[in-house]
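# Tertiary structure, described
Given next are the chains, with one letter for each unit.
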Amino acid sequence: QVQLEESGGGLVQPGGSLRLSCAASGNFVGIYDMGWYRQAPGKQRELAAQISRDGTTDYIMSVRGRFTISRDTAKNTVYLQMSSLKPEDTAVYHCYIQAYVVGVAALNTYWGQGTQVTVSS
């Protein structure tokens, strides 16, 4: 079975930094897009950042220049380096991967359990 284990969330002051990690385990044939969604209380879920297999990245406008997404495909891991954090970044962050799994013909999306990021003074 596929599992995504997230880590790195926590409480930081405005202007601080956090690095989120998401390590996927499973019998993968291939992993394609990886990324991070976030959802604040009472707000719509939004795609904060994603990275394709070839390294192409996309960010929501509000985090551009402050967040950096990266991946280590060999380790089935995606990272989100967050700097200059703002209270508006407070949310539950969920990582995801799009992957082919041994024995499954379709490309599926798998989700992490979520990690809380709180930015407050």
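See the structure shown above.
### Some words on the overall build of the protein chain
- Helix and strand counts for the protein chain stand at zero helices and eleven strands.
- Listed N to C, the secondary structure of the protein chain is β-β-β-β-β-β-β-β-β-β-β in terms of helices and strands.
- Whereas a compact globule of 121 residues would reach a radius of gyration of roughly 14 Å, the protein chain reaches 14 Å, a difference of no more than 12%.
- Reported as C-alpha extents along the three principal axes, the dimensions of the protein chain are approximately 50 × 25 × 25 Å.
- Here the analysis covers contacts within the protein chain between residues at least 6 apart in sequence; of these, 56% occur between residues at least 24 apart.
- About 6400 Å² of surface is accessible on the protein chain, with carbon and sulfur atoms providing 47% of the total.
- Separation between the mean location of the 10 positive side-chain charges and that of the 9 negative ones in the protein chain comes to 3 Å.

### Quick word on the pairing of strand β10 (residues 108-111)
- The pairing of strand β9 (residues 91-101) with β10 spans four bridges and is antiparallel. Pairing of Ile97 across the sheet is with Tyr110, part of β10.
- Connecting the antiparallel pair β9 and β10 is a turn made up of six residues, with Gly103 showing a positive phi of about 90°.

### Re the nonpolar core
- If you look at the biggest cluster of nonpolar residues, it comprises 29 residues, and the most contacted ones within it are Trp36, Leu80, Met82, Tyr93 and Ile97.
- Within the residue set of this core, elements represented by two or more residues are β3 (18-25), β4 (28-39), β5 (46-51), β7 (67-72), β8 (77-82), β9 and β11 (115-119).
- Broken down by element, the residue count for this core peaks at six residues, all from β9.

Each value, and the rule that gives it
Residues numbered from 1 in each chain as written. Predicted model: local features only at pLDDT ≥ 70, side-chain atom pairs only at ≥ 80, totals over all residues. Heavy atoms only, no water. Helix = DSSP H or I, 4+ residues; strand = E, 2+ residues; numbered from the N terminus. Rg over C-alpha atoms; globule rule 2.2 N^0.38 Å. Contact = heavy atoms within 4.5 Å. Areas by Shrake-Rupley, 256 points an atom, 1.4 Å probe, with all protein chains shown as cover. Lys, Arg positive; Asp, Glu negative; His and termini not counted. Charge placed at Lys NZ, Arg CZ, Asp CG, Glu CD. Pairing = 2+ DSSP bridges. Core = buried A, V, L, I, M, F, W, Y, C linked by side-chain atoms within 4.5 Å. Buried < 20%, exposed > 50% of the residue type's maximum accessible area, 1.4 Å probe, protein only.

Nothing here speaks to function; it is all geometry.
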